[in-house]
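Structural overview
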Amino acid sequence: MNSGHQHRVFGRRAQEHILILASGDKVRHMTVRPWMAALAFCFVGVFSIGYLLATSYLVLRDDLIGATMARQARMQHDYEDRIAALRAQVDRITSRQLLDQQVVEDKVDKLMAQQMALTSRHGKLDNLLDRAESSGLTEKDGAPTPSSPVQSYAPDVKDKRASLSGSGIEAIEKQLASGAPADATPDNSTLAYVPATDTVGDRADRIFSKVTLSLKDVEQDQRSRVEQLTSDAGNAANAIETVLTRFKIPMPETAARKDDDDAVGGPYVEPESNDGFNNSLAALDGALTRLEAVRSTAESLPFRNPAIGKDVTSPFGNRRDPFLGRLALHSGIDFRFSPGERIRPTAPGKVISAGWTGGYGNMVEIDHGNGISTRYGHMSEVLVKVGDTVDRDDVIGLAGSTGRSTGTHLHYEVRQDGHAVDPVYFMNAGLKLATYIK
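The structure reproduced in this document is the subject of the present report.

Basis of the calculations
Residues numbered from 1 in each chain as written. Predicted model: local features only at pLDDT ≥ 70, side-chain atom pairs only at ≥ 80, totals over all residues. Heavy atoms only, no water. Helix = DSSP H or I, 4+ residues; strand = E, 2+ residues; numbered from the N terminus. Buried < 20%, exposed > 50% of the residue type's maximum accessible area, 1.4 Å probe, protein only. Phe/Tyr/Trp six-rings, centres within 6.5 Å; stacked < 30°, edge-to-face > 60°. Lys NZ or Arg CZ within 6 Å of the ring centre and 35° of its normal. Contact = heavy atoms within 4.5 Å. Core = buried A, V, L, I, M, F, W, Y, C linked by side-chain atoms within 4.5 Å.

With that out of the way, let us pick up the overall build of the protein chain. If you tally the helices and strands in the protein chain, you get eight helices and 14 strands. For the protein chain, the proportion of its 438 residues judged to be buried stands at 32%.

Next comes the structure, spelled out in structure tokens:
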């Protein structure tokens, strides 16, 4: 019984749905199967969803397009703002670099001007040092040499200006090239401007300040040296003038000053430079000129010994005449010489007498200027003639015993304004002037 019930409930086939379509006399039928219903339902669902989406797009299209355009506009504005900020940053960096470059070039111009001034001073000072050396005031090796310290501290910016001299330019360039750059380009993630902690201009200021101070120290040292040389030259000139005044020799600077004031003129123009160092160089030049003038005068006079190391056989003054046996004035000094020994003058001059001259025998007289002349008597042979110009190293004759002479010797005589004076006075003065004259 149960089995029969199950058969009636679960085993019965479901009735098929038939769709009948009648058109006139024609009648058609179509069996509607489950899959067909599912397919139709899916189609209707898809169509409905598409319709809803299309309708929503049409309704919301303007809002979506507006939002998209607004977002793009915001992105574009942000991008343009960043570009503008980065461009401004680049402009600031470029401006700072140009400013630093201008500062460096200005400093280089100033230091080049100082270098040119020191170079000019070096030329003048070197000439003055040569003159000081020739005057016996200093040795050139120990003299101040301005070129060395200038090259040690000279300015240096490579390819900015022409090279000044040697390693000086390269020194500061290395200092400027060392260290961090003037300003670093910031990361794109930040637009803030952060000034550099140490720029090229700052480093250049420090370096050039050190260079300037060094040059000032060098200049001060040079000025001290120049002032010392000026003082030494003045003292030497005063010492020589004191000796020349004792012999009533006119000072050469007096005659020079009179000549300078004669037949001169012209409009007054301010001096080119009133720099203290140039003034000190001018003072040194004046002191050396004065020293050279009096030194030249002293060197032209017979302040030297004509017979160094020789014995004096008869001094200047009254003595018993060797031939007459009575008191007579001996107008010179006699020095013992060997026969034929060379005789040289005690100062440069011009020969005004050469040959046999009475009791002098063979005699040579030399005029030294300023009313001073010297005589060399009793020579066996005269080697110069009247009109010759002789120097201290020239041989004017050979020692002998001609004229009123008792043996081979040299009669040396000094005359001032035609009057015989004791040669010892001149020789003693020459000892005092030995450090000033050659």
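The subject of this paragraph is the packing of aromatic side chains. Overall, the coordinates contain four aromatic pairs when judged by the stated rule. Arranged with centres 5.6 Å apart and planes meeting at 35°, the rings of Phe303 and Phe426 form a pair that is tilted. Taken together, the residues Phe303 in the loop between α7 (276–299) and β3 (312–314) and Phe426 in helix α8 (residues 423–432) connect sequence positions 123 residues apart. No difference in accessibility class separates Phe303 from Phe426, as the two residues are buried. Pairwise contacts between aromatic rings join Phe247, Phe303 and Phe426 into one cluster. The side chain of Lys310 reaches across the aromatic face of Phe337, ending 5.1 Å from its centre.

For the rest of this paragraph, the subject is the environment of Gly359. Along the chain, Gly359 turns up in the loop between β8 (349–356) and β9 (362–369). Look at Gly359 and you get partly exposed, because its relative accessible area is 35%. Separated by 43 residues in the primary sequence, Gly359 and Thr402 place their C-alpha atoms 8.2 Å from one another. With residues up to four places along the chain from it excluded, the contact list for Gly359 reads His378, Thr402, Gly403 and Arg404.

Let us look at the nonpolar core. Side chains of a nonpolar character, in soluble globular proteins, are inclined to be buried together. By size, the foremost hydrophobic cluster in this structure holds 49 residues, and its most contacted members are Leu137, Leu244, Leu291, Phe303, Ile343 and Ile396. Mapped onto this core, the elements with two or more residues apiece are α2 (34–134), α5 (200–246), α7, β6 (333–336), β9, β10 (372–382), β13 (409–416) and α8. Sequence-distant contacts of Leu291, defined by excluding residues within four places in its chain, comprise Ser135, Leu137, Ala233, Ala236, Ala237 and Ile240. In this structure, Leu111, Met112, Leu118 and Ala204 belong to the second largest nonpolar core, which totals 10 residues.

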